[in-house]
Every structure is written in structure tokens, then in C-alpha cells.
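Each chain is listed here by its residues.
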Amino acid sequence: MADHLINLINVSKEYNGTKAIKNINLYVRKNEFITLLGPSGCGKTTTLRIIGGFEYPTDGQVLFEGTDLTVLPPYRRKINTVFQKYALFPHMNVFENIAFGLKIKKIEPKIIAEKVGRILELVCLSGYEKRSINSLSGGQQQRIAIARALVNEPEILLLDEPLGALDLQLRKDMQLELKAMQQRLGITFIYVTHDQEEALTMSDTIVVMNKGQIQQIGTPVDIYNEPKNAFVAGFIGESNIVSGIMLEDFLVEFAGCKVPCSDQGFATNEPVDVVIRPEDLKIVDETEGIFKGSVKYVTFKGVHYEMIVEAHGMDWMIHSTRLRPAGMKVGLKVDPYDIHIMKKVAANA
Amino acid sequence: MRKTWLAYPYTLWMLLFTVIPMGLLIYFSFTTNSGTNTALTWTHFQRFFEPIYLKVLLRSITLAAISTVICLLIGYPAAMILNGSSLKYKNTMITLLVLPMWMNFLLRTYAWLTLLERKGIINSLLVAIGLNRLDLLYNEFAVILGMVYNFIPFMILPIYSVLNKIDRSLIEAAEDLGANPVITFIKVIFPLSLPGVLSGITMVFMPAVTTFVISRLLGGGQITLIGDLIEQQFLLVGDWNFGSAISLVMIVIILITMGFTSKYEREQTGGGLW
Amino acid sequence: MVTRILKRCYIALLFIFLYAPIIVLAIFSFNSSRSRGTWDGFTLKWYYEMFQDRQIMAALYYSLIIGVTSALVATIIGTMAAFGIHNMKPFSKTTVMNITYLPVLNPDIVTGISFMLLFIFLKIRLGFLTLLLSHITFNIPYVILSVLPKIKQLDKSMYEAALDLGATPFYAFRKVILPEIMPGVITGLLLAFTLSFDDFVISFFNTGSGVSNLSILIYSMARRGINPKINALSTFMFISVLTLLIVVNILMSKQQKTKEEKI
């Protein structure tokens, strides 16, 4: 546990009788870029705010390097936050905003000027010291918010959906910049987002949350390739999810066919969820496929074609660079290694 | 709807009932009527600069300023506390705060007569606990009390309104960066509340400096403020010229006060004075 | 915890300060003697006398009539004016708005005196008419200031949509524009009534021939010293205002509820 910077043990938070988060258990390591990922209302922001000190848990422990963090108010934690709407002080200019935390620590003005200059360089906004906040564009304000937090050299940086208000290209650029920054500075980043692509791009570890509970923790590759349940499978990447029955090890029945797969360890005839990624489902000649059907719609997505094939009473999503036009009769085939079996999750997790 | 003519009746009305009267006021203040001749003159304004009258001006400004400061000192914390209370109480408390203003202004001022009299409630209470009677009425204390009492909601409401609009995340950001509640207040909350403070100061100082009811009722005619002076000149003495001149001086004071505060005012209502 | 108690005490003290005079007046309106230091028994006679007093009732009557009339007239002129101003070119708009601000920014004593000068200059005798005219005049700007923002907020495309769907301009105005600006109009109307009903200074300088409103009456009575009838009047007015506010509040929340139920 030596490198666990933050430890959340059975943390719950209740508002007016409803639990926003239930029994959250997770740890954050030094120099880790960890992302809390989930849809609106899943509790990711609540968890972040508890770490930041803006909420107190109703139950459970929050430890920082082994000691209780909840006794410290936000202004005494070695943690800084980048707020969703930046929260830059409108009555101060760029320099004063960034220097705010440093002035409180009574650092010498000369050193403050140095640090502010350096951090502005880091976010590529050198020379902006005297600018007023509302003369800045969204992207610039965003970077000043990051600068203001980072200049205090916190051990942990919390980021609450910081890129949400930016347009697509800027967002993608900032994702790479933030990742590079984190690696260069060696600071732990705890990042909150609902955008799964963003999470996959930037994180060392992803914590998938839904309805106040953790669904899965893992590396981006793990989460993408081995989703633990239907929710994670549906939330990360596109998926075809259908109900099936695990007949025996390495054999699953779904959509009326018995299909070989690579999973084992389930009870005989156990009902399961079967997940196949659209890029893993191959369209082949009618005679060669496990399933037979016809193409319903085709959408051009730039990178690939997205085709909906109706087969065995279901709609299947396929991504392929090869176009099969609507109406064409086709067969579907999938490699056993690309079929993911997961236990069915109870209706109200 | 290109119907600017809809405003013409109004414009006409205002020309007749607002612009012309102001013109008359200006006319009277700059002229003297001596039988057949009317001549332009500065004498009325010069008269105003005599010591007796300057004293009145000074006293009005002083009392109004003291009342404004007291309203600020009492009102700012009140606005903060109201802003910090939970939602269900907020609206009730604001309504309770505003309710007395619905009572007639004179009645509210008159009510203090009962309390402040030599034989009134407060003095009776003091006697009951063995202290001497105090002279609470017909002096500057009573006038200041009357001003504060009447105008303090005008200080609390704008400050409350601005405080209410401050984004919570600014306060959280300040705390996140290491500011304890005191520093957060000094560096973030107070500066952002300044528009409300200036608004409150204007809304208290202006009526306070121009009132004559409060000084008449609670000052018992002993305290003469500019308002009293103007009223006397018009209704008692009959010197309309002097009275008009004093009125113009009063307007100038108001304009200066507003010029000060509107420097910080950022709000525009689509057609402002400045 | 301590701070919370302190905060509550502070607010409580403030409210005591605000309400003490009113409550004291109310209590002594039931005092059977005129004394303001001792309690001599409960009585309703001052209320009885108040209602019998011709002067008081006349003043009440005038206050109400002037209030309602000036508010209505001001609202009509003001609303029309707001539309006109909204469509003006910047130069005329600023000029008119500056004139509008004049009675608002001027101390009421200056406004009152300037009206008086006008009436005397025009050789109109001071009385009911001058009182009414001055009240209408100072009310209109407040109506404009209440309605104009609402007009600015209007979505022009709503009006055009109505025309597109077949409405005549007048119908579109009635069914689309009017409901949207109604809150501003109502606010202006109530504001005008309140200002008029409560006014003292302007009325003081512009009335005559025995026409008094409530404020002027109270002023002259108060100059002569404490009078329990005033106490009764004050308590009566306070209860009326309070009742009115409660009734309006209940009506509004009922309206809200039926609106929500319809949805």
C-alpha cells in the first residue's frame, strides 16, 4: 500500500435520503492518470468533490498517504482542482488569478513572478499576465485555470470535466497536451469525464461508474477488451450485446446458434450476456457465415462504414472499411476470441 | 412593430409635466423679480454660501453619511447571513425584511415618537431597571435613527442580490487554492459584492440627504436639513427664487453622488443617463 | 455551531428593530388611555373613533382613488410609451430615457416643488386635479422601467410565427405579445399604485382645497402630537397589507398548482 496516495474505503454519500455514491472502494497511485468515467449522475463528480474537500462522505474513510483526509478543509489539502466552468476570478487579471494561491503561501513576489512566467510558458500563454479574464477565449481560460492550479505544485490535480466546453478539435489537442503535462510534471491526475473516448486516450487507469457504484477498474485496454458487465460493454465503445446461454465451457448459444467461444468457468446452461464489438463481426458470403441476414442500413463514418445487418431477428452493428449496400444478403462470422461472455447483472445494481 | 408614435403622447406629457417644471425651477433660481424687471443673477446661489446655510448643507450631508455608514455596517453582515441561510428560509426572510416598507413611510417614522419620548417605552424600561431617562427625541440621534430605520432595507437588498449571484465555484476555487474563509471573503467575495454595496450606498444616501419628513417629525423642527430649508423657503417665507436655487444645489449633490457610483456601475438598461 | 446561533441572533435583532415600532403602535392602539408609558386596559374605541373620523375616511378615500386612477392611467400611457421607445432610433431613445429618469432620480422634494411651480405658473388651482396629474406623472417612468425590459426580452420570431399562422397584427398582439409582457405591466401597475398610495412629499406640495391623502393627514396629526387614532390607523393598514400579501401569495401558489396539475 506504500504507493497508494489516496485511498477510498467504503465511501458513501447521501443527499436527502438518496445515495449519490455507495461503498466506493478505490485507490490512486503516485504519478497515475486515473479517470472516473460514467454517465451523468453516476457519482463521479461527487467522488471527486469528496477528494477535493467540497463534500464530506456520509460513510467510509478517505485517506491521503495513510492519514484521514476528511479532517482537513480544502485550503489545507495538497490538492488543487480545475473546475468545470474554470471558476476564474473575474475581478482579477491572469497574473493575479494564477498568483492567488502563491500569495496566500506568502511566497516572495520575485519568485511568484518567476513561477507564473514559467507556468504560462507551460500552457503556451506566455505574455498574457496583464490580460483580463473575459478577454480570453474558452480554450485560453481553460489553460489559465489549469495553470492556476498547477502553479501551486500540488501532489494531486483534480479535473472536473475540464474540456467539456471546448470544440472538438481543441478538445482533442488539449487531451494530448494534458497527458503530456502529467507525464512531464509527474503529478497524479484524477480526471472526471463522461466521454469514453477521452478516457481511453488519456488514462493509465479507468474507473467506470454507474448509479453511484464502481462497475469496473482497469487499464483502457482491459476495459475495452474485457468489459466485466453489460453496462461497461455498452458504455465503452460500441457493442452488440445479446442474451445467451453458456452451454458448457467454450460453447455459447445465442441468436439461435451454437457458437464456439474462448470463455470458461460458467455454470452449465447459465444465462449470460454476449458482447461482440462491431469491428469484430465480419461480413462474409451468405454460405460461409454462422448467421445469415441482410443489410438494413449503411452509414458512412469516414473511418469506416457502419452497417446494420438484420439476422435471426436482431439488428447487428458492423464496422468495416468494405461497403456492402443495403438490401444485400450476407453472412456474419466472428472469431471465438472476439466473443466476450459476461455474467448477467441484476436489474438494479 | 415600427410604432414609435405610441410614445408621442408620453413624450408630450413629460415635456409638459417634467421638462417645463424643471425649466421653471432653473429659471427661478437664476432670476430676480423686482416688479417689472426680471434679471439674471447669481445672488440666490451666493446667498446659499453664507455660513448659516452652509451649515445646513454640511449637517445634511453629515447626517446622511453617518446613516449610510451605519446602514452599511449593519446591513452587509445581514445580507451575508441571509444569503447563507437555507433556501426555504431565504424567501420568507426577504419578505419579512421588505414587509415594513409596505407600511406608510410617515407611520413608520411617527412610530418612533412613541418609542423615543421622554415618557415613552424605552425610557420607561430604562427607569424600570434603575437608569436615568435619556433624551432620545428631537435631536440628531433621533434623526439618524429614523434614517437608518427607514432606509436599511435599501442597503440590504442590493447587497443580498449581488451576493446571491456570486458563483459558488469561485468560492470553492479560492478555498481550493489555499484561502481560508477570511481570506476568501477579503479577496473574492467582498470585491465581487462591490456593485451591490455601491447600489446600496446610493439608495440610502440620496433619500437621506434630501428628506425633510424625518427631520421634521423626529427632529421636532430643531434640526434643519436642506429639505426643511427648501420647504420653508417655498411655503413659509415665500422666497421661491432662493428655494429653487437650493433645489438646484441639491440636484447637483445628487448628480455628483451618482457620478461617483456609476463609475463602477456596469449595468445598462438600454438607454441610461451616462 | 456557535456561529450559527450568533447569526440567528443577529437576524433576530434586526427583525426586532424593524418591527418593534409597528408592534408597539399596534399594542398601544388597544390601550384605553392616551398614555404611552402605561397600560390602562384593552379597548377598541380608537378603532371605532378612527372609522368615525370624517377626515381620516376622506383621506383614505382620496389615497385609494388617486392611487388606483393614477396607476391605471400611468400603466396605459407607460406601456404604449415603452413600445414606442423600444422602436426609436438611439438618439431619440437616449433623450426620452433621460427625461424618463428625471423624476426617478430627482429627490421627491424637487419633483414636488417643480410640479407646484408649473401649476402656479399655469394658474391651475391646487386641488384634486393637480394631485392626480402629479401622481400620474411620477408613476409613468416606473411603468416604463418595468415594461421596457420585458419588451426587450420578447422573441420577435414569436410574433412573426403568429402572423405566419394566420393571425392579424392585433390578434397576434393580444394573444402573443401581451401575455409575454404582462408580468412587467402588472409589476409596473402595482409599483405605481404603491408609490402613489404611499406618497407624501409630492402630494404635500401639490394639493389644496382640503384634498388630503393619508400621508398628509398623518403628517398634520403627528405634528400635533401623538394620537391613538393614528396608532389604530397604522395597525389597521399593516394588517390590511399583510392580509393582502398572504392572499396574493395563496392565490399565486394555487395558480401554480393548477398549472402543474394541468401538465
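In this text, all values refer to a predicted model and were calculated from it rather than measured experimentally.

Analysis parameters
Residues numbered from 1 in each chain as written. Chains lettered and ligands numbered in written order. Predicted model: local features only at pLDDT ≥ 70, side-chain atom pairs only at ≥ 80, totals over all residues. Helix = DSSP H or I, 4+ residues; strand = E, 2+ residues; numbered from the N terminus. Expected span 1.5 Å × (residues − 1). Buried ≥ 20, exposed ≤ 12 C-beta atoms within 10 Å, placed from the backbone. Contact = placed C-beta atoms within 7 Å. Nonpolar A, V, L, I, M, F, W, Y, C, P; charged D, E, K, R; others polar. Domains from an automatic or database assignment. Pairing = 2+ DSSP bridges. Right-handed = clockwise from strand over helix to strand, strands pointing away.

Chemist: Summarise helix α4 (residues 138-150) of chain A; cite the residues concerned and give the values.
Modeler: Residues and elements named next belong to chain A. An ideal rise of 1.5 Å per residue puts 18 Å on 13 residues; α4 measures up with 18 Å between its terminal C-alpha atoms. With respect to burial, α4 is a largely interior element, ten of its 13 residues being buried. Residues of α4 that are buried sit in contact with β6 (79-82), α2 (94-104), α3 (109-122) and β7 (156-160).

Chemist: Let's hear about the interface of chain A and chain B: which residues, and what values?
Modeler: Listed as interface residues are 17 residues of chain A and, on the opposing side, 15 residues of chain B. Where the side of chain A that touches chain B is concerned, the elements lending two or more residues are β6 and α2 of chain A. The biggest single contributor to the side of chain A that touches chain B is α2 of chain A, with three residues.

Chemist: Any details on the interface of chain B and chain C? Residues and values, ideally.
Modeler: In this complex, chain B contributes 61 residues to the contact, which on the side of chain C involves 61 residues. Among the elements that make up the side of chain B that touches chain C, the one with the highest residue count is helix α1 (residues 8-30) of chain B (15 residues). By residue class, the composition of the side of chain B that touches chain C is 43 nonpolar, 13 polar and five charged.

Chemist: Please give an account of the domain arrangement of chain A that cites residues and values.
Modeler: It is common to give the size of an interface as the accessible area lost on bringing the parts into contact. What the domain assignment reports for chain A is domain 1 (4-225) and domain 2 (238-343). Here the C-alpha centroids of domain 1 of chain A and domain 2 of chain A sit 39 Å apart.

Chemist: Can you break down the pairing of strand β8 (residues 188-193) of chain A residue by residue, with the values?
Modeler: All names here are of chain A. Of all six residues that make up β8, six are buried, and the element is covered over most of its length. Two strands pair when backbone bridges link them, and strand β3 (residues 33-37) and β8 are joined in this way by five bridges, in the parallel orientation. Among the inter-strand pairings, I34 is bridged to a residue of β8, identified as I190. Relative to β8, β7 runs parallel, the two being bridged by five bridges. The partner of I156 across the bridge, within β8, is T188. Read from β7 through helix α5 (residues 168-185) to β8, the crossover connection turns out right-handed.

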